[in-house]
Number of protein chains: 2
Amino acid sequence: MPDLCVLGLGLIGGSVLRAAKAAGWTAWGATRSSDDVTAARAEGFDAGGDLDVALERARAADALVVVAVPLPAVDEVLRRVAAVVPTAKLTDVVSVKGPVHDAVRRLAPRTRYVGGHPMAGTSTSGWGAGRADLFRGAAWVVAVEDDSDMAVLAEVVAFALAVEAHVVPASTAEHDAAVGRISHLPHVLAAVLAAVGADGGPLALALAAGSFTDGTRVAGTRPELTQAMCEGNRTALLDAVDDALGRLGAARGSLASTGGLAKTIEAGHAARKALDAQRSAVRTDVTIDLDSPGARDALRAVGARGGRIVSLDGATARAQTS
Amino acid sequence: MPDLCVLGLGLIGGSVLRAAKAAGWTAWGATRSSDDVTAARAEGFDAGGDLDVALERARAADALVVVAVPLPAVDEVLRRVAAVVPTAKLTDVVSVKGPVHDAVRRLAPRTRYVGGHPMAGTSTSGWGAGRADLFRGAAWVVAVEDDSDMAVLAEVVAFALAVEAHVVPASTAEHDAAVGRISHLPHVLAAVLAAVGADGGPLALALAAGSFTDGTRVAGTRPELTQAMCEGNRTALLDAVDDALGRLGAARGSLASTGGLAKTIEAGHAARKALDAQRSAVRTDVTIDLDSPGARDALRAVGARGGRIVSLDGATARAQTS
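Everything numeric in this text was worked out from a predicted model, so none of it was measured.

What counts, and at which threshold
- Residues numbered from 1 in each chain as written.
- Chains lettered and ligands numbered in written order.
- Predicted model: local features only at pLDDT ≥ 70, side-chain atom pairs only at ≥ 80, totals over all residues.
- Heavy atoms only, no water.
- Core = buried A, V, L, I, M, F, W, Y, C linked by side-chain atoms within 4.5 Å.
- Buried < 20%, exposed > 50% of the residue type's maximum accessible area, 1.4 Å probe, protein only.
- Contact = heavy atoms within 4.5 Å.
- Phe/Tyr/Trp six-rings, centres within 6.5 Å; stacked < 30°, edge-to-face > 60°.
- Helix = DSSP H or I, 4+ residues; strand = E, 2+ residues; numbered from the N terminus.
- Pairing = 2+ DSSP bridges.
- Axes fitted to C-alpha atoms, helices over the stretch in contact; angles between N-to-C directions.
- Expected span 1.5 Å × (residues − 1).
- Polar contact = N/O pair within 3.5 Å; in protein donor to acceptor, adjacent residues only side chain to side chain.
- 1 Å grid on protein atoms, 1.4 Å probe; cavity = no way out; pocket = protein on both sides within 12 Å on 5 of 7 lines; lining within 4 Å.
- Points joined across faces, edges and corners; volume = space filled by probe spheres on them.
- Nonpolar A, V, L, I, M, F, W, Y, C, P; charged D, E, K, R; others polar.
- Least-squares fit on C-alpha atoms with pLDDT ≥ 70 in both.
- Buried area = accessible area lost by both parts, 1.4 Å probe.
- Salt bridge = Lys/Arg side-chain N within 4 Å of Asp/Glu carboxyl O.

S.K.: Can you break down the nonpolar core residue by residue, with the values?
M.R.: Of all hydrophobic cores here, the largest spans 66 residues; its most connected members are L185, L207 and L248 of chain A together with L185, L207 and L248 of chain B. Residue contacts for L248 of chain A: discarding those within four places in its chain leaves V188, L189, V192, V241, A244, L245 and L248 of chain B. Among the nonpolar cores identified, the runner-up in size contains 47 residues, and L11, L17, L153 and A295 of chain B belong to it.

S.K.: Tell me about the packing of aromatic side chains, and please be specific about residues and values.
M.R.: All names here are of chain B. Under the counting rule described, the total for this entry stands at eight aromatic pairs over all chains. Seen in terms of ring centroids, F45 and W127 are 5.3 Å apart; in terms of plane orientation they differ by 70 degrees. Their pairing is edge-to-face. Of this pair, F45 sits in the loop between α2 (34–42) and β3 (47–48) while W127 sits in the loop between β7 (116–118) and β8 (139–143); the two residues are 82 residues apart in sequence, bridging distant segments of the chain. Residue classification places F45 among the buried positions, given a relative accessible area of 15%.

S.K.: Help me get a handle on the pairing of β8 of chain B, residues and values and all.
M.R.: Residues and elements named next belong to chain B. Buried residues dominate β8, accounting for five of its five residues. Every second residue of β8 is oriented toward a common face, with A139, V141 and A143 on one face and W140 and V142 on the other, all of them buried. In this sheet, strand β9 (residues 166–170) lies alongside β8 in parallel orientation, the contact comprising five bridges. Looking across to β9, one finds that V142 is bridged to P169.

S.K.: Would you mind going over the sheet that holds strand β5 (residues 89–92) of chain A in detail, with residue names and values included?
M.R.: Residues and elements named next belong to chain A. Pairing is parallel in the open sheet, where six strands are placed in the order β3-β2-β1-β4-β5-β6. In the strand order of this sheet, the two ends are held by β3 (47–48) and β6 (112–113), each with one partner. Sheet topology note: the strand β1 (residues 4–7)/strand β4 (residues 64–67) ladder contains four bridges and is parallel. The residue of β4 that forms the bridge with V6 is V66. Across the sheet, helix α1 (residues 11–22) lies against β1 and β2 (27–30), angled at about 160 degrees from β1, the strand it touches most.

S.K.: Can you lay out helix α6 (residues 150–162) of chain A for me, pointing to particular residues and giving the numbers?
M.R.: All names here are of chain A. For α6, spanning 13 residues, the distance from its first C-alpha to its last is 18 Å, which sits close to the expected 18 Å at 1.5 Å a residue. Regarding α6, the residues found buried are M150, V152, L153, A154, E155, V156, V157, F159 and A160. Here α6 starts with a cap whose side-chain oxygen sits 2.9 Å from the backbone nitrogen of A151, and that cap is D149.

S.K.: Let's hear about empty space enclosed by the protein: which residues, and what values?
M.R.: Tallying each qualifying case throughout the model produces five cavities of 30 Å³ or more. By volume, the largest cavity is sized at about 100 Å³. Along the wall of the largest cavity there are 15 residues; nearest its centre are L189, A190 and G215 of chain A together with L193 and G215 of chain B. Elements that contribute at least two residues to the lining of the largest cavity include exactly α7 (172–198) and α9 (210–216) of chain A together with α7 (172–198) and α9 (210–216) of chain B. Of the residues belonging to the lining of the largest cavity, the class tally is nine nonpolar, three polar and three charged.

S.K.: Provide a residue-level description of the relation of the copies chain B and chain A, including the pertinent values.
M.R.: When chain B is fitted onto chain A, the two copies agree to an RMSD of 0.1 Å after a turn of 180 degrees and an axial shift of 0.0 Å. Such a combination of rotation and displacement between the chain copies is what one expects of a two-fold axis. Nearest to the rotation axis, the C-alpha of G215 of chain B is located 2.3 Å from it, this being the minimum over chain B. When the interface residues of chain B are mapped onto chain A, 100% of them again lie at the interface, so the same face is used by both copies.

S.K.: Tell me what's going on with the interface of chain B and chain A, and back it up with residues and numbers.
M.R.: Note: interface size is frequently given as the accessible area lost on complex formation between the parts. Contact with chain B, which involves 90 residues of that partner, is made by 90 residues of chain A. Buried surface at the junction of chain B and chain A, both sides included, amounts to about 7,800 Å², of which 71% is carbon and sulfur. The tally of links between chain B and chain A comes to six salt bridges. The residue D214 of chain A makes a salt bridge to R217 of chain B at a minimum N-O spacing of 2.2 Å. Remark: the boundary between chain B and chain A carries 30 residue pairs in polar contact (both at pLDDT 80 or more). For the side of chain B that touches chain A, the element with the most residues is α7 of chain B, which contributes 20 residues. Partitioning the side of chain B that touches chain A into residue classes produces 48 nonpolar, 25 polar and 17 charged.

Here is the structure:
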């Protein structure tokens, strides 16, 4: 069990620090927000305001460094990491992986970086919003690249398992494409739906029932958070938006010409049933030796099949796939 | 308090019959589904399998006739109404109002028709799915046309109030435009989102969290129900889909050119806040004399401002608007 150095103590970073302590790991954090430092300390956590001091401790302890700042602040934090712990064991919790991966290559190329993305919480922020159990049952994607350091990967997996997350291995590109479709596109469509509904005036809003309320819920998220998340995954989100435009345009054409929506509605129904079916699918166990040459491919195959890592014993990961 | 004759005993019709009895109204129903007749009788309700027999009773009692069959079956039922009770006091509970209004003009032109739409329940169907309290707190749109019979309108309003619905007056066209935006478009977008997500494969579905689950929930509705509802409101839904295509296309263009989504996300956020604000708005009372010349305009103005009728005393309606 390595030590953990958490840089950034907002919703996710603050929850990482809490969850680490609750799981019995030695962990400390740093943030430039003096309010968050004060609040964290008042709750008995090991928190400070100087990233370099936290990183010096990480170097001394060979700690796993967790970058937990928003995407726009990542570059600056990586520069500090490279300056103080150039070969750090490094992970992050940012919601897109391609841009962080690129930034690490550019600014901290000697670190042993394995990206991560715990998929929990976007509608609140700050230390006060965090919880020790935020990651319980949530997906935590661990990025598996051809050059990933498997020892660091094992540490990231071990931590995500310790906080009871569902550990999903996937490549950086696979991750970004998937979240473009199931996390970022929903935010864009919710914004579009909310605006079209409000254009109908107070009568339309007065008649809004479950389908509209559910479909626009995430439009209530703080817009700067949604915007940063979506814009950070620009390329993959464009693909998803293009698919949505194509399908919506086809529905429009069919409705205008024949008046029929069967194809659109039936495809959506089948897709939603596929989600339910996958969630209730019987699972098959797979064992992966992380030291084997095919480990990376095997891990990515688990994620591609909708599976996850459920335990880690030394270098032996046990996974379940549907 | 008039008597009530309910034609069709599915989810909505069956709930109308239950709610009427619970509110102390004399009510009977008829349906061609012998299973539903048996089930309704077993629960002590006055139900039969012959529409003409039910309509003969309606003529004798000058009952308010409620058409509660799906849109494709409306024409046939209207022909029976016109044959047995040509000047019936008539309403309906179908989810689109323009097509029903047109069908009444065509097939039962002498009836005194005032359309209605209780906005409750789409994902289940049949007598067994009904409930006496289905309409409590739900919007019940009452269609106000320039030639509406105000005495029948008052009866429809009285019934909707008796079952504790939120009575929203609006013209047929206003109703269809509004539900196109806040009920039918959400179903189309949910179908599109579900399909684009499932195209991302098992990994994408495994990573699906609240934004995707919420945004696709209504795609789980039985597709034939969704299809009939959306196709029945073709013209208004086309307008809503075009608005959505325009906004999504603008988002696509902005993301591709500058990488920015601020306009889309901020408009969606403001719209969602408008929904919340309207729901918590302080209400202003308005009193409308249904016998006055301006009553129809005054009623429609209440609905257009997001208001509703809260009580009826003789021909005096009290309404609240935000």
